[in-house]
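# What the coordinates show
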Amino acid sequence: MPTYEGLRLKINQMKREMLADRRRKELVHTDFTILSNNCWAGMIYESYHLQKQTPTVGLFFMAEDYIRFLSGLHEYVSSELQFIKPGESRWRDEKTIGGDIRFGSYPVGRLTAGQEHVEVFFLHYHSENEAKEKWERRAKRINWDKLLVKFNDQNGCTEREVRDFFHLPFRNKLFFTCKDWNLCSDEGYIRIRQFPKHDVVMASYEPFGKSKYIDMTKVINRL
């Protein structure tokens, strides 16, 4: 039985595909990179019928690891992607991870920078080989000069991660949330209203194309 969230995601997919060519014609450039803590980056490229120019597609990070990943971005992206058994994940006892019936059915990757590492949950991949091949191929396409970094309040996000995100030295940042974090106003801080209400912003509510929250074409054209 499809869930309400599942139905919304399917409808959004149809909307992305139907108007993708029209959206693409409005772009000033198409060689941009979006980094995302979940599948949103891939959805944006699909919204314009563009080749995916980011390794962060079809996967997700826990919030703490994502901030660590961004903080050492060049080193993490250039490191070798390795894999661990799902049961070895340091996040296995988190409800977002171990509480999901899909956990254990998809690859779990690990990237290392110095003495630290982050875990990457390849939710929409069938094998380690597929995940590794696509991660490495897409990482080579990163355009460091036209970079948009996106975060949201999913996967264990706390106020610490939100504050750390806005202190990261990236020129172009977006943060989607359904909460009021009592933070100072920021151009990239976007509060989204959902029905029914949830503790975190749901994937189907994250905007693409032009919405009442943001016009992604204008955002991309400013990169």
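Whatever comes next refers back to the structure up there.
Every value quoted in this text rests on a predicted model; they were computed, and no experiment measured them. (Residues numbered from 1 in each chain as written. Predicted model: local features only at pLDDT ≥ 70, side-chain atom pairs only at ≥ 80, totals over all residues. Heavy atoms only, no water.)

## So, the overall build of the protein chain
Along the backbone of the protein chain there are nine helices and seven strands. Taken over the C-alpha trace, the protein chain has a radius of gyration of 17 Å; the compact-globule value for 223 residues is 17 Å, and the two agree within 12%. Along the first, second and third principal axes, the C-alpha atoms of the protein chain reach 45 × 40 × 40 Å. The proportion of buried residues among the 223 residues of the protein chain is 52%. If you take every contact in the protein chain between residues at least 6 apart in sequence, the share linking residues at least 24 apart comes to 60%. When the accessible area of the protein chain is evaluated, it comes to approximately 11900 Å², of which 49% is carbon and sulfur surface. (Helix = DSSP H or I, 4+ residues; strand = E, 2+ residues; numbered from the N terminus. Rg over C-alpha atoms; globule rule 2.2 N^0.38 Å. Buried < 20%, exposed > 50% of the residue type's maximum accessible area, 1.4 Å probe, protein only. Contact = heavy atoms within 4.5 Å. Areas by Shrake-Rupley, 256 points an atom, 1.4 Å probe, with all protein chains shown as cover.)

## Considerations on the pairing of strand β4 (residues 116–121)
Strand direction decides the pairing type here: strand β3 (residues 108–113) and β4, joined by six bridges, are antiparallel. Within β4, the position partnered with Gly109 by the bridge is Val120. (Pairing = 2+ DSSP bridges.)

## Overview of the pattern of salt bridges
Per the stated rule, a full pass over the model turns up 18 salt bridges. With a closest N to O distance of 4.0 Å, Glu64 and Arg90 form a salt bridge. Here the residue Glu64 occupies a position in helix α4 (residues 63–71), and Arg90 occupies one in the loop between β2 (82–84) and α6 (95–98), the gap between them amounting to 26 residues. Here Glu206 and Lys150 are joined by a salt bridge, their closest N and O atoms 2.7 Å apart. With Glu206 in the loop between β7 (189–191) and α9 (216–221) and Lys150 in strand β5 (residues 147–152), the pair connects residues that are 56 residues apart, well separated along the chain. Taken as a pair, Glu206 and Lys150 share a single burial class, namely buried. Several salt bridges share partner residues, and in doing so they unite Glu64, Asp65, Arg68, Arg90, Glu116, Arg160 and Glu161 into one network. (Salt bridge = Lys/Arg side-chain N within 4 Å of Asp/Glu carboxyl O.)

## Regarding the state of the cysteines
Enumeration over the complete set of coordinates arrives at zero disulfides. The cysteine Cys39 is free of any disulfide, with Cys157 supplying the nearest cysteine sulfur at 17 Å. Looking at the unpaired Cys157, the closest cysteine sulfur is the one in Cys178, lying at 10 Å. (Disulfide = S-S within 2.5 Å.)

Geometry only, nothing functional implied.
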